[in-house]
Amino acid sequence: MENWSWLMDESASTYGPAIDRLYLVILIITGIVFFATELTLIWFVFKYRHREGRKAEYIHGNMRAEVVWTAIPAVIVLAIALASRGVWAQVKDPQNMPANALPVLVVASQFEWNVTYPGPDGQLRTADDFSVRNRLDVPVDRPTHVILQAEDVIHSLFLPDFRVKQDAVPGMDTTVWFQPTRTGEFVIACAELCGIGHTRMRGTLTVHSAADYQTWINEQVQP
Amino acid sequence: MSTTAMAARHETAAEHHHELGFIRTYIFSTDHKMIAKQFLLASLFFLLVGGILAAGVRWQLGFPGRPIPLIGGLFSDTTAPGGIVLPEFYNAMVTMHATFMIFFAIMPLLVGVWGNYLIPLQIGAPDMAFPRLNMFSFWVSVPAGIIMLAGFFVEGGHAGAGWTAYAPLSTNPEYSGVRMGQVLWLVSLIILGFSSLTGAVNYITTVLNMRAPGMTWFRMPLPVWALFITSWLVLLAIPILTGGLIMLLFDQTIGTGFFAPATDGEPLLWQHVFWYFGHPEVYILILPAMGLVSEVISNRSRKPIFGYHSMVLAIIAIAFLGWIVWGHHMFQSGMNPLLGTTFMITTIIIAVPSSIKVFNWLGTLWRGDLHFDTPMLHAIAFVSMFIIGGLSGMFMASAPVDIFLHDTYYIVAHIHYVLFGGSLFGIFAGITYWFPKMFGRMFSPRLGKVHFWLTFVSYNLVFFPMHNLGLKGHMRRIYDPNQYEFLQPLQPLNTFITISAFVLIAGQLIFAFAFFWSMYKGKEAPQNPWKANTLEWTAAPTPPPHDNFPGGTPVVYRGPYEYSSPESTDDFLPQDVPPDRVLRPEIPREPSPLPTGD
Amino acid sequence: MTTHTPALQANMMVPDSTFEPGMQVYTMKLGMWVFLLSEVMFFTSLIGSYIILRFAHPDHFAQPGVVLNVPLTAFNTFFLICSSVTMVKAFAAIQHGDQRWLKLWLLATILIGSMFVGIQVVEYNALAHEGFVPGAAEYSAVGREAFKAGLAETAPVVGGPLYGATFYTMTGFHGVHVTIGVICLIFVLIRALRGHYIQLDHRGVELIGLYWHFVDLVWIILFTIVYLI
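Rules and cut-offs
- Residues numbered from 1 in each chain as written.
- Chains lettered and ligands numbered in written order.
- Predicted model: local features only at pLDDT ≥ 70, side-chain atom pairs only at ≥ 80, totals over all residues.
- Heavy atoms only, no water.
- Helix = DSSP H or I, 4+ residues; strand = E, 2+ residues; numbered from the N terminus.
- Buried < 20%, exposed > 50% of the residue type's maximum accessible area, 1.4 Å probe, protein only.
- Contact = heavy atoms within 4.5 Å.
- Lys, Arg positive; Asp, Glu negative; His and termini not counted.
- Charge placed at Lys NZ, Arg CZ, Asp CG, Glu CD.
- Areas by Shrake-Rupley, 256 points an atom, 1.4 Å probe, with all protein chains shown as cover.
- Buried area = accessible area lost by both parts, 1.4 Å probe.
- Salt bridge = Lys/Arg side-chain N within 4 Å of Asp/Glu carboxyl O.
- Polar contact = N/O pair within 3.5 Å; in protein donor to acceptor, adjacent residues only side chain to side chain.
- Nonpolar A, V, L, I, M, F, W, Y, C, P; charged D, E, K, R; others polar.
- Axes fitted to C-alpha atoms, helices over the stretch in contact; angles between N-to-C directions.
- Parallel < 35°, antiparallel > 145°, perpendicular 65-115°, else oblique.
- Left-handed = near helix turned anticlockwise from the far one by under 90°.
- pLDDT = per-residue confidence, 0-100.
- Pairing = 2+ DSSP bridges.
- Domains from an automatic or database assignment.

Visitor: Break down the overall build of chain C for me, citing the residues and quoting the values.
Guide: Looking only at helices and strands, one finds seven helices and zero strands in chain C. Along chain C, helices and strands appear, N-terminal first, in the series α-α-α-α-α-α-α. Overall, the C-alpha framework of chain C stretches about 75 × 35 × 25 Å when taken along its three principal axes. Buried residues in chain C amount to 51% of all 229 residues. Taking as baseline every contact in chain C between residues at least 6 positions apart, the subset at least 24 positions apart corresponds to 75%. Side-chain charges in chain C split into 10 positive and 13 negative, and the spacing between the mean points of these groups amounts to 11 Å.

Printed below as a string of structure tokens:
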């Protein structure tokens, strides 16, 4: 199978590596626990299998063991939680959203993505806004702030390469931001079952260089 | 049947002044053991239904757009014309696979079967506190099951909004194309709630008030503890779901707008109500299996369960913590991120009591005298698969990592490692262990082991690769992944999983065959084939008669896990043997009064 | 006592138990308490949703008394509380072995309970007539004053559809519970008429009493948070 690898593909956003690093840290911790426990299990299964003349040991437990294997996992999991808090805040805390982010309005509906750009005045919901379907165009190395809405049912904006996932809920605005680190074409998918056409709610996210982005904007504004 | 057991049976039959006819014995029985068997047969049937639906889902993913072989022509034009699955039918199969498995297979297999069968027997009671309510509890689930099956045959097809039925997709036929199917889904689950609820009332009351003398709280076998705590979860969580389902039903039928944005309803309210039930629900689906596995591991290791008190506390801790983690299903829902942080912390804490249990199972095996009968194979598989399922949960517990993993196949992998690798192996352990008690015959050891190995291997081949699919961004509930270029390279993996799944599902036919074959042709079981300590084996004949204990209510002198005790020459020491009757090492060994089998 | 099976012994009013000391309460009563806990969760689900929706969209909910008939319902509430009193009197009667007053007080409870449901049905009818309905599309409540002044067509709609949806769901399911309670009370009365209850064993009366008091308590909460606030 081509392109097969153990881990996720390399990310293309600024906070992507932080998320991937967190995944890796958890993988290492759980990996160690996995091998330790499973190998112990296999070892016990072989070592203590029934043999004539050998009796099991009559022991009900060990309080010290209980304390140790309660305390150590507790410390480990809390460490994971604390490490995660930082990354979570970085991505989701509204106060951490970059101030100079380009606003874009994405409206999810059955079964397409309607994307509205603010136009030359840089303000959404003004006369010079323009809309495109099923594509999102953003400049590299600049943050984009997506205001996400849904027209009918719950959808979810999934940009796998950017580690972006945010539900679009009808009746409320949700928000997500990201900053691409390289140019190229990437996928937009819907990650919340939204009906019969859920499978075909795909789009293309194009990350342009600064110059190309300006060109693209100009092309949209002056057809 | 051994002569002693037959004699005991005749004694009891003579005591019964009235002969119960066929209907009162097999159809409308108030005997908890018969009700347990009714739940067993019904839920094994629904396990099959759920499995077939899984096969349908996997067919589309493994061989997208290709006609279903052999039976493809049987499908209607609204489901799979020419045998090619339509997207709406795919969504219905995904929804109904989960619905049937969770509500009609796993829950009744764990709580309906084992709650009913084991609780009175293991605590020394003649039956449940409310036998007629118990009968009602089973029979009310039958119309629920029929209604749920009927949904496949109505206009618009069956519910296709996922077993989680998120609004507004689930409330508005304009969006889903489904109306009657969703209504039937809702009505069925509302009715089924009464089955669960009345069962829980029975189990809780029975354990609280009907333990035999000497059966103090910390002498109860772990299955009883697990089922008791689970019953509290059922009692308190199911009514929450019922309230939510009623509101959803009203949105669908009388036009209320609880969850409809058009009328200022809140879609997220449905998610909160559903998951407030939904998270305790998943602990309902695992805790009893943990109890069964503890019993089997201790017995087949001939060793006391390691850390009995810790095991009880862990069950209680898991049940308690399970109420405050529900938001981790909603990390990406648009919920306030601060709430996300809170739920992340509570969620990650729940890993601790779960890992305590794993360590205690390992501690039980340590320096044990391990016998690898079929139940023990399943129990050990449970531990090793639960380790994987639990560890995979750590990733999604981290809210930022969940950004990437949510609604991908990584979640599907996690779910199935705990529900199949966990719950279902636990169920198989329970069925093969207590089969002789229920039916008087041993479950075929050979067929049992063939089934186990085939299941264990193919199951891992199905679900482990799903972690990889998820990491590559493969979404859930997606009819045609090949629409996406980034998913096309994963098609061979999907096909591999599908083929493994067919092997897995076919392998269960071995279990079905072994089950019925053993019932009639299995080796006759002695009273206590596993040389167990618990009352169902030591004080009740195999199988037990009405009122369970022909010798009267047993008296309990010790805990349930006194295996390999230095007090006794045997490697087991039943709970109800008085101290002065224990076969001590210094006393020359007399032949055991009851055949213990070998 | 020795003629009773062990299961029955756990269930005697004064358990002569051959079992481990349980909750020191006879089994059926324990069962009723456990069941009532589940009912608490059921109403929590509905009432909790109402509270959340109300905080999220206060404009959907009218000021007290504008749409709902507070005086009539206050009277109905008093009535229901009276029925709890009559229920207590019935239980007290059989505790003293008084068969006659057991039946009379049970009858009183049934009558008052039935009247409560009846008045609620009448109220529902009036409200629906005035445009206060559960369905969002048909919601057109203008308030009692405006309706009485004949301004049903022209006056502005008071509140919004969530008001109707939550009101009818909560009070409706409460009404269902009262109705079931009345039916059970009738069964208990029939048994009482047959002399089934004695001073030493009147469990059924206590059980229905527990259920009835619970239903009353839920109503007091509902009345407060739906009608008065």
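Picking up after the structure, the text goes on.
Visitor: With reference to specific residues and values, describe the overall build of chain A.
Guide: The secondary structure content of chain A amounts to three helices and 10 strands. Across chain A, helices and strands are ordered from the amino to the carboxyl terminus as α-α-β-β-β-β-β-β-β-β-β-β-α. By its C-alpha atoms, chain A is 90 × 35 × 35 Å across when sized along the principal axes. Counting across all 223 residues of chain A, residues that qualify as buried make up 50%. As displayed, chain A has an accessible area near 10,700 Å², and 58% of this comes from carbon and sulfur atoms. On chain A, the mean spot of the 18 positive side-chain charges and the mean spot of the 24 negative ones are 14 Å from each other.

Visitor: I'd love a proper account of the interface of chain A and chain B, names of residues and values included.
Guide: Chain A puts 82 residues into the contact, and the matching count from chain B is 95 residues. Here chain A meets chain B over a buried area of about 7,700 Å², counting both sides, of which 69% is carbon and sulfur. In terms of surface lost to chain B, no three residues of chain A exceed Tyr58, Trp88 and Leu193 of chain A, which account for 10% of the buried area on that side. The interface formed by chain A and chain B contains two salt bridges. Between lysine 472 of chain B and aspartate 9 of chain A there is a salt bridge; the shortest N-O distance is 3.2 Å. There are 27 residue pairs in polar contact (both at pLDDT 80 or more) connecting chain A and chain B. The set of elements that each furnish at least two residues to the side of chain A that touches chain B consists of α1 (16-47), α2 (63-92), β7 (164-168) and β9 (184-190) of chain A. It is α2 of chain A that contributes the most residues to the side of chain A that touches chain B, 15 residues altogether. In terms of residue class, the side of chain A that touches chain B is made up of 46 nonpolar, 17 polar and 19 charged.

Visitor: Which residues make up the packing of helix α8 (residues 180-209) of chain B against helix α9 (residues 222-253) of chain B, and what are the values?
Guide: Residues and elements named next belong to chain B. It is the contact of α8 with α9, at a shortest axis distance of 8 Å, that shows an interaxial angle of 155°. In this view, α8 runs roughly antiparallel relative to α9, as classed from their interaxial angle. You can see that α8 and α9 cross each other, and the crossing is left-handed. The class makeup of the residues in the contact of α8 with α9 is 24 nonpolar, seven polar and no charged.

Visitor: Describe the interface of chain B and chain C, listing the residues and the values that go with them.
Guide: Counting residues at the interface gives 42 residues for chain B and 40 residues for chain C. When chain B packs against chain C, close to 3,200 Å² is buried across both sides, 73% of that on carbon and sulfur atoms. Three residues stand out in chain B for area buried against chain C, namely Asn209, Phe258 and Asp264 of chain B, and they jointly supply 18% of the buried area on that side. Linking chain B with chain C are zero salt bridges, by the criterion used here. Where chain B meets chain C, there are 10 residue pairs in polar contact (both at pLDDT 80 or more). For the side of chain B that touches chain C, the secondary-structure elements that each account for two or more residues are α8, α9 and α10 (267-284) of chain B.

Visitor: Explain the confidence of the model for chain C to me, using residue names and the numbers behind them.
Guide: Summing up the model confidence of chain C, the mean pLDDT is 92 and the portion of residues at 70 or higher is 93%. Per the prediction output, this complex has pTM 0.94; the corresponding ipTM is 0.96.

Visitor: How would you sum up the environment of tyrosine 563 of chain B? Please name residues and give values.
Guide: Its place among the elements puts tyrosine 563 of chain B in the segment after α20 (535-538). Sequence separation of tyrosine 563 of chain B and serine 301 of chain B is 262 residues, and the distance between their C-alpha atoms is 8.5 Å. Sequence-distant contacts of tyrosine 563 of chain B, that is, excluding residues within four places in its chain, are made with Tyr58 of chain A together with Ser298, Asn299, Arg302, Lys303, Pro304, Lys531, Ala532, Asn533, Asp571 and Phe572 of chain B.

Visitor: I'd love a proper account of the sheet that holds strand β5 (residues 144-150) of chain A, names of residues and values included.
Guide: All names here are of chain A. The five strands are arranged β3-β2-β1-β5-β8 in an open sheet whose pairing can be described as mixed. Each edge of the open sheet carries a strand with a single partner, namely β3 (130-133) and β8 (174-178). Each strand of the sheet is rotated relative to its neighbour by a mean of 25°, with strand direction disregarded. Pairing between β5 and β8: five bridges, direction antiparallel. Residue threonine 144 lies in a different strand from β8, and its bridge partner there is phenylalanine 178. With respect to the sheet, helix α3 (residues 210-221) is in contact with β1 (102-109), β2 (112-117) and β3, its orientation differing from that of β3 by roughly 100°.

Visitor: Residues and numbers for unusual backbone geometry, please.
Guide: A negative phi angle characterises most non-glycine residues, just as the trans form characterises most peptide bonds. Cis geometry marks the peptide bond from glutamine 110 of chain A to phenylalanine 111 of chain A, where omega comes out at 0°. Among the structural elements, phenylalanine 111 of chain A can be located in the loop between β1 and β2. That bond from threonine 542 of chain B to proline 543 of chain B is cis: its omega, -10°, falls within 30 degrees of zero. In this fold, proline 543 of chain B is placed in the segment after α20. Phi is positive for arginine 163 of chain A, which is not a glycine, with a value near 55°. You can see arginine 163 of chain A is positioned in the loop between β6 (155-159) and β7.

Visitor: I'd like a rundown of the pairing of β9 of chain A, residues and numbers included.
Guide: Residues and elements named next belong to chain A. By the criterion of burial, β9 is predominantly enclosed, with five of the seven residues buried. For β6 and β9, the ladder comprises two bridges, and the chain directions are antiparallel. Residue leucine 157 lies in a different strand from β9, and its bridge partner there is cysteine 190. Note: β9 against strand β10 (residues 203-208), five bridges, orientation antiparallel. Across the sheet, the residue bridging to glutamate 185 is threonine 206, located in β10.

Visitor: Report on the sheet that holds β6 of chain A, specifying residues and quantitative values.
Guide: Residue and element names in this part refer to chain A. An order of β4-β10-β9-β6-β7 is seen for the five strands of this open sheet, with the pairing classed as mixed. Strands with a single pairing partner mark the edges of an open sheet, and in this sheet they are β4 (135-139) and β7. Strand after strand, the sheet turns through a mean of 20° between neighbouring axes, direction not considered. Along the sheet face, α3 touches β4 and β10 and points at about 135° away from the line of β4.

Visitor: Quick one: what's the story with the domain arrangement of chain A, residue by residue and with numbers?
Guide: Residue and element names in this part refer to chain A. Assigned domains within chain A: domain 1 (16-94) and domain 2 (99-221). Contacts between the two partners involve six residues from domain 1 and, on the opposite side, four residues from domain 2. Across the interface of domain 1 and domain 2, roughly 410 Å² is buried in total on both sides, 39% from carbon and sulfur atoms. Three residues, Asp20, Val91 and Lys92, lead the burial of domain 1 against domain 2; their summed loss comes to 61% of the area buried on that side. Ionic pairing is found between arginine 163 and aspartate 20, a salt bridge with its closest N-O pair at 2.8 Å. In this structure, the connection of domain 1 to domain 2 is made through three residue pairs in polar contact (both at pLDDT 80 or more). Within the residue set of the side of domain 1 that touches domain 2, elements represented by two or more residues are α1 and α2. Split into classes, the residues belonging to the side of domain 1 that touches domain 2 amount to two nonpolar, two polar and two charged.

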